[in-house]
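# Structural overview for review
For reference, the chains in residue letters:
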Amino acid sequence: MSSKKPVVIYGVTGYTGRLVAEYLREYHVPFIAAGRDGKRVKEVMDKVPGIESADYEIAEVEHTTEALTKLFKGAKVVCNMVGPFMKYGPEAVEASLAAGCHYTDTNGEQNWMMHAEETWGEKFAARGLLLSPGIAQMYTTGEIAANICLETPGLDTLDILVLWKGFPTYASTQTIFSILTADFFHLEQNKYVQWSPFAKAEVQVPGQHAVAMALPWGGTAHPVWFKNDPRVANCKAMGGVFERSVMEGVVQITTVVEEQIKKMPKAQQEKALSDMAASLQAGMPPRENPRVNSTVDSVHASGPLGRVHCVIHGNCNYKQTGLLQAYAAYHLLQTPPRRAGFASGCQAFGHRELLGVLQSFGLSGKPIVSSYT
Ligand SMILES: NC(=O)c1ccc[n+]([C@@H]2O[C@H](COP(=O)([O-])OP(=O)(O)OC[C@H]3O[C@@H](n4cnc5c(N)ncnc54)[C@H](OP(=O)(O)O)[C@@H]3O)[C@@H](O)[C@H]2O)c1
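Residues numbered from 1 in each chain as written. Predicted model: local features only at pLDDT ≥ 70, side-chain atom pairs only at ≥ 80, totals over all residues. Heavy atoms only, no water.

### What about the site of the ligand?
Close to the ligand lie 26 residues; Thr13, Arg36, Thr106, Met138 and Thr169 are nearest. A distance of 3.0 Å separates an oxygen atom of the ligand from a polar backbone atom of Ala171. Contact distances for the ligand include 3.4 Å between an oxygen atom and a side-chain N or O atom of Ser172. The protein chains hide 89% of the 920 Å² of surface that the ligand would expose on its own. When residues of the shell around the ligand are traced back to their parent elements, those giving at least two are α1 (15-26), α4 (85-99), α6 (137-149), α7 (170-178) and α11 (317-334). In terms of residue count, the dominant contributor to the shell around the ligand is α7 (4 residues). Of the residues in the shell around the ligand, the class split is 11 nonpolar, 13 polar and 2 charged. (Near = heavy atom within 4 Å. Polar contact = N/O pair within 3.5 Å; in protein donor to acceptor, adjacent residues only side chain to side chain. Areas by Shrake-Rupley, 256 points an atom, 1.4 Å probe, with all protein chains shown as cover. Helix = DSSP H or I, 4+ residues; strand = E, 2+ residues; numbered from the N terminus. Nonpolar A, V, L, I, M, F, W, Y, C, P; charged D, E, K, R; others polar.)

Below, the structure is given as structure tokens:
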């Protein structure tokens, strides 16, 4: 039997990676804690709560396909936390494929999802491996709510809202900015239709009287996941964070992107956006607190046979993400995914199963479902 630990957390030093480590410990799954700087990996791992009882080892690895392939060989699952994924993802996906590992990441970028499906979907499917970019609160929790609605037949239109309270991390801020130069889409009659870069809405938030501002947030994952789902013809998702000043900042930056940055050469665009993002978030937000950091995932599904509304009130966006990643690995070590190749969390593991995982760790409440059918 191989002595290799079966799961690799790549980017373990980040805010999310260390949470994956915490939850893998709770699932008793041995893992390799990997990052570009071994000393920093050790410093971070030493502070992970409860880590003294985890079965793990530390690895320093260069961010190249060759070095990552060597590290991944013999493992079964890669949990990649090094984003923005459109920028840093390809090496880790190529290496997972070369090493014969299932690949998951925490992406919320629609352009990365489309790229991953097109470039590697069939190759992973041919080897019976899962390629699941985007097992994370944004947007797996909303996908669970959508699938609860779709348990009622005859509903073909999804109107999705995803909001969370808290401040994005360094890489999340980089990601939010990096997707502003991309085209992004919703689904209309099974076809991608491009959003205006200036689209925004005041939305009614379930469970409160005040409205909030929501943006298409790069299109979200939902249109991609539901594109080839015969139950769904139309899918629009909006979201962001509750903090209005952050949302207003993104709207202002969208104008700068459209009027100035998109006119620059590609390499300069990336640097200008990355510098702007770094000026807003260079540090590490505090550890999440369930009494402060709430999440809301709300889905209105409608169609010829009626309407269903499902709301999932939860907490701690990053903890949900860390837990979902750890559970995905735990599941894949025991049994294959329900769908190999490119698949969402719900397509790979089942929406009721993932809801149970979030509920059992206190990260989501019972879904509130109302219907008229
Ligand atoms: N969709 C969701 O709900 C959701 C939730 C959580 C996270 N995310 C996404 O997950 C990603 C990570 O988030 P985070 O909160 O963990 O961010 P973070 O705290 O900034 O951590 C980023 C990680 O990436 C590593 N990294 C950065 N550049 C690298 C490079 N060039 N080579 C190798 N490693 C590099 C960092 O290593 P060093 O420590 O060495 O710098 C660190 O481990 C982001 O893209 C974020 O948007 C999404």
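### Brief notes about the domain arrangement of the protein chain
One frequent convention defines the size of an interface as the accessible area lost when the parts assemble. For the protein chain, the assigned domains read domain 1 (2-133 + 319-360) and domain 2 (137-317 + 362-371). Its C-alpha centre places domain 1 at a distance of 23 Å from the equivalent point of domain 2. Interface area, domain 1 with domain 2, both sides summed: about 3,300 Å², of which 56% is carbon and sulfur. One can count 3 salt bridges joining domain 1 with domain 2. Between Glu22 and Arg287 there is a salt bridge; the shortest N-O distance is 3.0 Å. Of all the elements in the fold, those that place two or more residues in the side of domain 1 that touches domain 2 are α1, α5 (110-126), α11, α12 (345-349) and α13 (351-360). Of the residues forming the side of domain 1 that touches domain 2, the biggest block, 7 residues, is contributed by α13. (Domains from an automatic or database assignment. Buried area = accessible area lost by both parts, 1.4 Å probe. Salt bridge = Lys/Arg side-chain N within 4 Å of Asp/Glu carboxyl O.)

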